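If you want the building blocks of each chain, they are given just below.
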Amino acid sequence: MLKELLSLEGDVAVVTGASGRLGPIWIETLLEGGATVFGVDRPGQEVAGPVQSMLGRFGENRLRIARADVRDRQALDSACMMCLETFGVPSVLVNNAGIDQPPGKLNKGYRLEEIPFEVNLEVFEVNTLGLFLTTQVFGAQMVRAGRGSIINIGSLYASVSPDARFYAHIQGDPPFLKPPAYGASKAAVVNLTKYLATLWAPSGVRVNALSPGGVLGNQDETFKRKFCERVPMGRMAEPSDLRGPLLFLASRASAYVTGINLAVDGGFTAW
């Protein structure tokens, strides 16, 4: 019975930002859960190595990658049509595409009072408005079918402000500043999740947010030490820590769960 609740056999899952940092984690989890996966990457994005490996492992009958910018309605409509023709009506949507700006990824840093309007605008266009546009396109198919699970990838910083002390050791002129638009855009995603959850609940479509916190990557040792000291569980999240929460929200195991923000942060936001 429990295996059936967590099984994604027969589901068609759409994942945006397929080759992003977390995209391969979501895709592999969905594939191993039994779903067929339709990934979406922006034009020009190189297919990530792990995604290429999964294409070889599972084959094109289980995994396809399409090209569409989440800000481009026409491109999303075309991707949706390709999904329908190739795999059928989607029953799971993982809104993963987004812009993050960790240390080392910024082409240019800014002091708060110097941040150009266009820099903030791009973050909101992708992280919030692009997510909404994608949900309009693929979510509408779920509403027509009368079933579905939409999972919006949020962030630790949707709930709390970045701690500037985590970044104080990073040298630069100006000093590194976690861009304020990132957390604000993710907070908007959580609010939008609640809006869509209540709107589409009568249509059988559930909408939840999944907010990872402090996923281990290429952070420097000083940052990791500072961050882990702030986490009740004393460590950063491993990619494997994200798989169970995603499978839960995607599957029928969460059939009576909608409108929540599931924080996967080791207790960070409990303090």
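Right, let's walk through the structure included here.

Rules used in this analysis
- Residues numbered from 1 in each chain as written.
- Predicted model: local features only at pLDDT ≥ 70, side-chain atom pairs only at ≥ 80, totals over all residues.
- Heavy atoms only, no water.
- Helix = DSSP H or I, 4+ residues; strand = E, 2+ residues; numbered from the N terminus.
- Rg over C-alpha atoms; globule rule 2.2 N^0.38 Å.
- Buried < 20%, exposed > 50% of the residue type's maximum accessible area, 1.4 Å probe, protein only.
- Contact = heavy atoms within 4.5 Å.
- Pairing = 2+ DSSP bridges.
- Axes fitted to C-alpha atoms, helices over the stretch in contact; angles between N-to-C directions.
- Right-handed = clockwise from strand over helix to strand, strands pointing away.
- Parallel < 35°, antiparallel > 145°, perpendicular 65-115°, else oblique.
- Left-handed = near helix turned anticlockwise from the far one by under 90°.
- Nonpolar A, V, L, I, M, F, W, Y, C, P; charged D, E, K, R; others polar.
- Arc of directions from axis to C-beta.
- Polar contact = N/O pair within 3.5 Å; in protein donor to acceptor, adjacent residues only side chain to side chain.
- Expected span 1.5 Å × (residues − 1).

What about the overall build of the protein?
1) Next: Helix and strand content of the protein: eight helices and seven strands.
2) Next: Taken over the C-alpha trace, the protein has a radius of gyration of 18 Å; the compact-globule value for 271 residues is 18 Å, and the two agree within 12%.
3) Next: Counting only C-alpha atoms, the protein reaches 50 × 40 × 40 Å along its principal axes.
4) Next: Sorting the 271 residues of the protein into buried and exposed places 48% on the buried side.
5) Next: Counting contacts in the protein only where the partners sit at least 6 residues apart, residues at least 24 apart contribute 80% of the total.

Some words on the sheet that holds strand S3 (residues 63–67)
1) Next: What the seven strands build is an open sheet, ordered S3-S2-S1-S4-S5-S6-S7; its pairing is parallel. Looking at the sheet topology across the chains shown, the edges are occupied by S3 and strand S7 (261–264). Pairwise comparison of adjacent strand axes, ignoring direction, gives a mean angle of 20° for this sheet.
2) Next: When strand S1 (residues 12–16) meets strand S4 (residues 92–95), the two strands line up parallel, connected through three bridges. By the bridge assignment for S4, Ala13 is matched with Val92.
3) Next: Strand contacts of helix H5 (residues 117–145): S1, S4, strand S5 (148–153) and strand S6 (205–212), with the helix running at about 175° to S4, the strand carrying the most contacts.

Notes on the pairing of S6
1) Next: Counting buried positions over the eight residues of S6 gives eight, a clear majority of the element.
2) Next: Side chains of S6 alternate between two faces, with Val205, Val207, Ala209 and Ser211 and Arg206, Asn208, Leu210 and Pro212 buried alike.
3) Next: Sheet analysis places S5 next to S6, joined by six bridges and oriented parallel. Bridge pairing in S6 places Asn152 opposite Ala209.
4) Next: Regarding topology, helix H6 (residues 180–200) serves as the crossover connection from S5 to the parallel S6, and that connection is right-handed.
5) Next: As paired elements, S6 and S7 share four bridges and run parallel to each other. Directly across from Ser211, in S7, lies its bridge partner Ala263.

A look at the packing of helix H2 (residues 23–32) against helix H8 (residues 240–250)
1) Next: Their axes nearest at 10 Å, the elements H2 and H8 cross at an angle of 60°. Overall, the two elements H2 and H8 adopt an arrangement that is oblique. Helix-helix and strand crossings are classified by hand; for H2 and H8 the assignment is right-handed. Here Ile25, Trp26, Glu28, Thr29, Leu30 and Glu32 of H2 come into contact with H8, specifically with Leu242, Arg243, Leu246, Leu247 and Ala250.
2) Next: Looking at the contact of H2 with H8 residue by residue, the classes come out as seven nonpolar, one polar and three charged.

A short note on helix H7 (residues 221–230)
1) Next: For H7, the full list of buried residues reads Phe223, Lys224, Lys226 and Phe227. The arc that holds the buried residues of H7, viewed along the axis, is 165°, so those residues lie on one side. Within H7, the exposed residues directed more than 90 degrees away from the buried face are Glu221 and Glu229.
2) Next: If you check the start of H7, you find a side-chain oxygen 3.0 Å away from the backbone N of Thr222, and it comes from Asp220.

Some remarks on helix H4 (residues 73–86)
1) Next: If you check H4, its first and last C-alpha atoms are 20 Å apart, about what 14 residues at 1.5 Å a residue would give, namely 20 Å.
2) Next: If you check which residues of H4 are buried, you get Ala75, Leu76, Ala79, Cys80 and Cys83. Buried residues along H4 cover an arc of 140° about the axis, so they all sit on one side. Summarising the geometry of H4, the exposed residues directed more than 90 degrees from the buried face are Gln74 and Glu85.
3) Next: Where H4 begins, the side chain of Asp72 points an oxygen toward the backbone nitrogen of Gln74, at a separation of 3.1 Å.
4) Next: At the exit of H4 stands Gly88, carrying a positive phi of roughly 110°.

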